[in-house]
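# A structural walkthrough
Listed below, chain by chain, are the residues.
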Amino acid sequence: MKPAPFAYKKARSLEEAVALLGEKDARLLAGGQSLIATLNMRLSSPALLIDINGIGGLGGVAHKNGKVELGALVRHAQAEHSELIAKYAPLIARAMPHIGHAAIRNRGTLGGSVAFADPAAELPACLLALDAEIDATGPKGKRTIRAQDFFKGLFETALGPQDVLTAIRVPAAGKDTRTGFAELARRHGDYAIVGLAASARADGKKLNDVHLAFFGVDARPVRARKAEAALASGSVDAAVAALDLDPPDDVQASGKVKQHLAGVLLRRVAAQLMEARP
Amino acid sequence: MTALDISLTVNGERVTERVEARNTLVDFLREELALTGSHVGCEHGVCGACTVRVNGEIVRGCLMLAVQCDGATVETIEGLSDSGEIADLQAAFEQRNALQCGFCTPGMIAAAQDLLKRGDVPSRDQIREHLSGNYCRCTGYHAIIDAVESVAQQRAKGRSP
């Protein structure tokens, strides 16, 4: 199908984008890899698309003050091939190849993926696993939202109707940082049936500060806190037994199958977390 | 209805047109410029039949609006074919029966060339992964992987002294 008619404006600045969002039924267009698909299928029909691709200063990757800051318009392909991200935000580097396909990653943006908040998407779970911060600018100015407070529900975030997500920040990985990522999908590049993004700090053979963020198991990415505690005390079997998820059935798999697959992924990711960094 | 004027380069030629905001890049190429080598399959980014190059990188022609290509350089399968850049891939697809109906072939070749132009010889797994976003509904993928692999090897041979 073809999109229903809409007006199109190119925002030249963040302020202009925020102001335009005040118009009726306005939506931001970043990479468009989810939005334009929904327009084509007429699942959404906004009155105005505000193209933010021309706004300067939103496409950078920087390492400063112990954090890695990723601009909202950083493309997935750019993140996938960034040496800085591979070194200082290795979980994001691990997740990138799982997102869509090469042609999709060339257009899709990190900010778009986070703001869209698909419950089976990779990046929101990575942000939850990393205790990331998300910057947004709205009519009242700039604010920072913690990842744990950002994902509210099914495609629902803490962003207000006139907020523009501008950047995400994750703690820069150090020598003791360990990360793990795995997902099961029917086909490479599809949204996950179940996925897991994880981070931890290694202390000798022990893992501290274990964060297990599952996706595809709930309306939003969720931490499995009992399993985290069990893994931190050293037992993968206990962690799998303690998996405190309650996945509902969906078109891809029953909740029971998802629960089982979550355990399979936890074993794979636990092995990655135990690996020493090269 | 919003119409906007855009100027872009398509297959080396300067093009200026007035387009409706809701026109996707692939529809613009096919309907305004009569470049019908890019195919419209699923129209939601899954099948890869509309794969074209924008500013040197492959994209889904159905997931980009024509108005977003103002100032861009677009290359379609017609351009890649005329320049000779993919002549060996085209020959290999023919020799190895890597197509039947041919609907997926322009997108398949554009995606394959995107992988091969990096210069090294990819493994069969890497080829499969790179083409995972391109559907073929009749030939099956083995012959396609064979064709891409053979071109990768030929090109590597051509490069070695």
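Cut-off values and rules
Residues numbered from 1 in each chain as written. Chains lettered and ligands numbered in written order. Predicted model: local features only at pLDDT ≥ 70, side-chain atom pairs only at ≥ 80, totals over all residues. Helix = DSSP H or I, 4+ residues; strand = E, 2+ residues; numbered from the N terminus. Rg over C-alpha atoms; globule rule 2.2 N^0.38 Å. Contact = placed C-beta atoms within 7 Å. Domains from an automatic or database assignment. Nonpolar A, V, L, I, M, F, W, Y, C, P; charged D, E, K, R; others polar. Buried ≥ 20, exposed ≤ 12 C-beta atoms within 10 Å, placed from the backbone. Pairing = 2+ DSSP bridges. Axes fitted to C-alpha atoms, helices over the stretch in contact; angles between N-to-C directions. Core = buried A, V, L, I, M, F, W, Y, C linked by C-beta atoms within 7 Å. Arc of directions from axis to C-beta. Left-handed = near helix turned anticlockwise from the far one by under 90°.

To continue, consider the overall build of chain B. Along the backbone of chain B there are 6 helices and 5 strands. Its C-alpha atoms give chain B a radius of gyration of 16 Å, near enough to 15 Å, the size a compact globule of 161 residues would have. Considering only residue pairs separated by 6 or more positions, chain B has 58% of its internal contacts joining residues 24 or more positions apart.

All right, on to the domain arrangement of chain B then. All names here are of chain B. You can read the domains of chain B as domain 1 (3-80) and domain 2 (84-159). For domain 1 versus domain 2, the distance between C-alpha centres works out to 22 Å. With 13 residues of domain 1 at the contact, the number on the domain 2 side is 14 residues. Contributions of two or more residues to the side of domain 1 that touches domain 2 are made by strand S3 (51-54) and helix H2 (77-82). The dominant element in the side of domain 1 that touches domain 2, judged by the number of residues it contributes, is S3, at 3 residues. Broken down by class, the residue content of the side of domain 1 that touches domain 2 amounts to 7 nonpolar, 5 polar and 1 charged.

Let us look at helix H1 (residues 25-32) of chain B. Inspection of H1(B) places Leu25(B), Val26(B), Asp27(B), Phe28(B) and Leu29(B) among the buried residues, and these make up the whole buried set. With its phi angle positive at about 55 degrees, Ala34(B) sits one or two positions after the end of H1(B).

All names here are of chain A. Across the sheet, which stays open at both edges, the 5 strands sit in the order S4-S5-S10-S6-S7 with antiparallel pairing between neighbours. Of all strands in the sheet, those bounded by a partner on one side alone are strand S4 (61-64) and strand S7 (141-146). Neighbour to neighbour, the strand axes of the sheet diverge by 25 degrees on average, direction disregarded. Inspection of the sheet shows S4 paired to strand S5 (residues 67-71) by 4 bridges, in the antiparallel sense. Of the residues in S5, the one forming a bridge with Ala62 is Glu69.

What follows covers the nonpolar core. Counting 139 residues, the largest nonpolar core has Ala17(A), Cys126(A), Ala197(A) and Phe214(A) as its most contacted members. Apart from the residues within four sequence positions on either side, Cys126(A) is in contact with Leu91(A), Ile92(A), Ala95(A) and Ala197(A).

What follows is about helix H10 (residues 225-232) of chain A. Residue and element names in this part refer to chain A. All of the buried residues along H10 are Ala227, Glu228, Ala230 and Leu231. In an axial view of H10, the angular spread of the buried residues amounts to 165 degrees, which keeps them on one side of the axis. The elements touched by buried residues of H10 are strand S13 (206-215), strand S14 (222-223), helix H11 (236-241) and helix H12 (255-274). Of the residues trailing H10, Gly234 is marked for its positive phi of about 105 degrees.

Our next topic: the domain arrangement of chain A. Structurally, chain A comprises domain 1 (7-51), domain 2 (61-171) and domain 3 (177-273). Distance between the C-alpha centres of domain 1 of chain A and domain 3 of chain A: 35 Å.

Residues and elements named next belong to chain B. With their axes 11 Å apart at the nearest point, helix H4 (residues 105-116) and helix H6 (residues 142-159) run at an angle of 35 degrees to one another. Crossing handedness for the pair H4 and H6: right-handed. On H6, the residues touching Met108, Ala112 and Leu116 of H4 are Ile144, Val148, Val151, Ala152 and Arg155. Counted by class, the contact of H4 with H6 contains 7 nonpolar, no polar and 1 charged residues.

Let us look at the interface of chain B and chain A. Between chain B and chain A, the contact holds 26 residues from the first and 25 residues from the second. Split into classes, the residues belonging to the side of chain B that touches chain A amount to 11 nonpolar, 9 polar and 6 charged.

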